[in-house]
Amino acid sequence: MTGRREELRAGLDAVRGRIDAACAAAGRDPAEVTLVVVTKFFPRTDVDVLHELGVRDVGENRDQEAAEKLDPRDRPADLTVHFIGQLQSNKAGSVASYADVVHSIDRPKLVPALERGAHRAGRRLAGLVQVNLDEDAAAGRGGAAPTDVPALCETVAGSSLELRGLMAVAPLGVDPRPAFERLHALAERVRRDHPGASWISAGMSGDLEAAIDAGATHLRVGSAILGSRPPHA
Ligand SMILES: *Cc1c(COP(=O)(O)O)cnc(C)c1O
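Remember, it's a predicted structure, so these values are computed and weren't measured experimentally.

Conventions adopted
Counting restarts for each chain, with residues numbered from 1 along the sequence as it is written. Per-residue local features of the predicted model are confined to residues with pLDDT of at least 70, and side-chain atom pairs are confined, for both listing and counting, to 80 or more; whole-chain, interface and lining totals are unaffected and use all residues. Side-chain numbers come from the whole structure's heavy atoms, not from hydrogens or water. Only runs of H or I of at least four residues qualify as helices and only runs of E of at least two qualify as strands under DSSP, and these elements are numbered from the N terminus. For a helix, the expected span equals 1.5 Å multiplied by the residue count minus one. When accessible area is computed with a 1.4 Å probe and restricted to protein chains, residues below 20% of their type maximum are described as buried, those above 50% as exposed, and intermediate ones as partly exposed. Only Phe, Tyr and Trp rings take part, Trp by its six-membered ring, and two of them pair if their centres are within 6.5 Å. Stacked means planes under 30 degrees apart, edge-to-face means over 60, and tilted covers everything else. Here, over-ring charges are defined by two tests on the NZ atom of lysine or the CZ atom of arginine: distance to the ring centre within 6 Å, and angle to the ring normal within 35 degrees. If even one non-hydrogen atom of a residue comes within 4 Å of a molecule or strand, that residue is called near it. What qualifies as a polar contact is a pair of N or O atoms within 3.5 Å, subject to a donor-acceptor requirement within protein and to the restriction that residues adjacent in sequence count only when both atoms come from side chains. Each accessible area is a Shrake-Rupley result for a 1.4 Å probe, and residues are judged covered by the shown protein chains and nothing else. Only Asp, Glu, Lys and Arg are considered charged in this grouping, and only Ala, Val, Leu, Ile, Met, Phe, Trp, Tyr, Cys and Pro are considered nonpolar; every other residue, Gly among them, is considered polar. The term nonpolar core refers to a set of buried residues drawn from Ala, Val, Leu, Ile, Met, Phe, Trp, Tyr and Cys, joined through side-chain atoms within 4.5 Å. Contacts: residue pairs with any heavy atoms within 4.5 Å of one another. When we speak of the arc, we mean the arc of directions from the helix axis to the C-beta atoms. Any two strands with at least two DSSP-identified bridges between them are counted as paired. The definition of a right-handed crossover adopted here requires that, viewed with the strands pointing away, the path from the first strand over the helix to the second runs clockwise.

*Asks:* Teacher, can you tell me more about helix H1 (residues 2-26) here?
*Replies:* One turn of an α-helix holds 3.6 residues; hence residues three or four places apart share an orientation. The end-to-end C-alpha distance of H1 is 36 Å, a good match for the 36 Å that 25 residues give at a rise of 1.5 Å each. Looking at H1, one finds that the buried residues are Arg4, Leu8, Gly11, Leu12, Val15, Ile19, Ala22 and Cys23.

This is the structure we're talking about:
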């Protein structure tokens, strides 16, 4: 485990260095930016080492894996678990039984399913609305169409979930900057009606600098810290 610990420490140091540099370039305080370490496909032992190294936020995108790996009865009490993957309605109840924050609410139907699951588990759940930033909606990497986002935010805010803000994945193969700027503008608009919805979850291993420049508050970074995932990930 020593070797892995050093690998993870080096990955974390490198990413924290990139975050500090991007914040300096953007004139932002690094304390405004939360690093969510995406541990999908990696074992619980990695989560425990990351926790020892100071990580308090982890992200997962597969329900069954996360349910087994991060059971709330058997994980550090100060660890916040973020569910960032595409969400099927029939998995919403399960996700609500271990996640603290769901980043991928992209349709109204998920809201009552998440509410029921959280209620049943006796847990509080926060949610972000995922926005599709692709110009070609059908080609998107998940998320609600921007025009549907305000209404979906109303639905979340009117439920027992706590609306935290917006999330997006940059479109593939193009400069992420304009997309992140559109996300930022939409987030500002949502925040006028919902002052507590202050999170912008954007930026991954390859584009975190652009996301920080466009106002991201939460980065979701996996491979730059943990190494590459199995090819089908
Ligand atoms: C896997 C994943 C990430 C992390 O991606 P990396 O490129 O490994 O940093 C971020 N966001 C979502 C939604 C993901 O599924």
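On we go.
*Asks:* Can you walk me through the packing of aromatic side chains in this structure?
*Replies:* Two numbers describe a pair of aromatic rings. These are the distance of the centres and the angle of the planes. Using the criterion set out here, one finds zero aromatic pairs in the structure. Against the face of Phe41 rests Arg62, its NZ or CZ located 3.6 Å from the ring centre.

*Asks:* Would you mind going over the site of the ligand with me for this structure?
*Replies:* Around the ligand, a shell composed of 13 residues is seen, among which Lys40, Ser205, Gly222, Ser223 and Arg229 lie nearest. Ser205 is positioned such that a nitrogen or oxygen atom in its side chain is 2.5 Å from an oxygen atom of the ligand. With respect to the ligand, the side chain of Arg229 contributes an N or O atom lying 2.7 Å from an oxygen atom. Coverage of the ligand by the protein chains reaches 88% of its 390 Å² of free accessible surface. Residue composition of the shell around the ligand, grouped by class: six nonpolar, four polar and three charged.

*Asks:* Help me out: how do you make sense of the nonpolar core in this one?
*Replies:* Across soluble globular proteins, nonpolar side chains show a tendency to be buried alongside one another. Ile19, Val102, Leu114, Val149, Leu166, Leu219 and Ile225 are the most contacted members of the largest nonpolar core, which has 67 residues in total. In this view, Leu166 contacts Leu128, Val129, Val131, Val149, Cys153, Leu183, Leu186, Ala187, Val190, Trp199, Ile200 and Ser201; residues no more than four positions away in its chain are not counted. In terms of nonpolar packing, the next biggest core, distinct from the first, is built from eight residues, Val101, Ala126, Met167 and Val169 among them.

*Asks:* Got a minute to help me understand helix H6 (residues 149-157) in this structure?
*Replies:* Those residues of H6 that sit buried are Val149, Leu152, Cys153 and Val156. For H6, the angular spread of the buried residues around the axis is 105°, confining them to a single face. Residues of H6 that are buried in the fold lie against strand S4 (101-105), helix H5 (110-121), strand S5 (126-130), strand S6 (162-167) and helix H7 (176-193).

*Asks:* Hey, could you run me through the pairing of S4 in this one?
*Replies:* Regular strands have side chains that alternate between both faces of the sheet. Among the five residues in S4, five count as buried, and that is most of the element. Bridge analysis of strand S3 (residues 80-83) against S4 gives two bridges, and the strand direction is parallel. Its bridge partner lying in S4, Phe83 is registered against Val102. One crossover worth recording links S3 to the parallel S4 by way of helix H4 (residues 89-96), and it is right-handed. Bridge analysis of S4 against S5 gives three bridges, and the strand direction is parallel. Directly across from Val102, in S5, lies its bridge partner Gly127. Between the parallel pair S4 and S5, the chain is carried across by H5, and the sense of this crossover is right-handed.

*Asks:* Hey, could you run me through the side chain of Glu65 in this one?
*Replies:* With respect to the helices and strands, the residue Glu65 is situated in helix H3 (residues 63-69). The buried category is assigned to Glu65, whose relative accessible area is 16%. Reaching out from Glu65, the side chain makes a polar contact with the side chain of Arg62 at a distance of 2.6 Å. Setting aside residues up to four positions removed in sequence, Glu65 forms contacts with Thr39, Lys40, Phe41, Phe42 and Glu60.

*Asks:* Looking at this model, I keep getting lost on the environment of Glu209. Mind explaining?
*Replies:* Tracing the chain through its elements places Glu209 in helix H8 (residues 208-213). Along the chain, Glu209 and Thr147 lie 62 residues apart, while their C-alpha atoms are 27 Å from each other. If sequence neighbours within four positions are ignored, Glu209 has contacts with Arg18 and Ala22.

*Asks:* Explanation requested: the pairing of S6 in the structure shown.
*Replies:* Of the pairings in the sheet, the one linking S5 to S6 comprises five bridges and is parallel in character. When the sheet's bridge partners are listed, Ala126 is paired in S6 with Glu162. Note that S6 and strand S7 (residues 199-201) share three bridges and pair parallel. Note on S7: the bridge partner recorded for Gly165 is Trp199.

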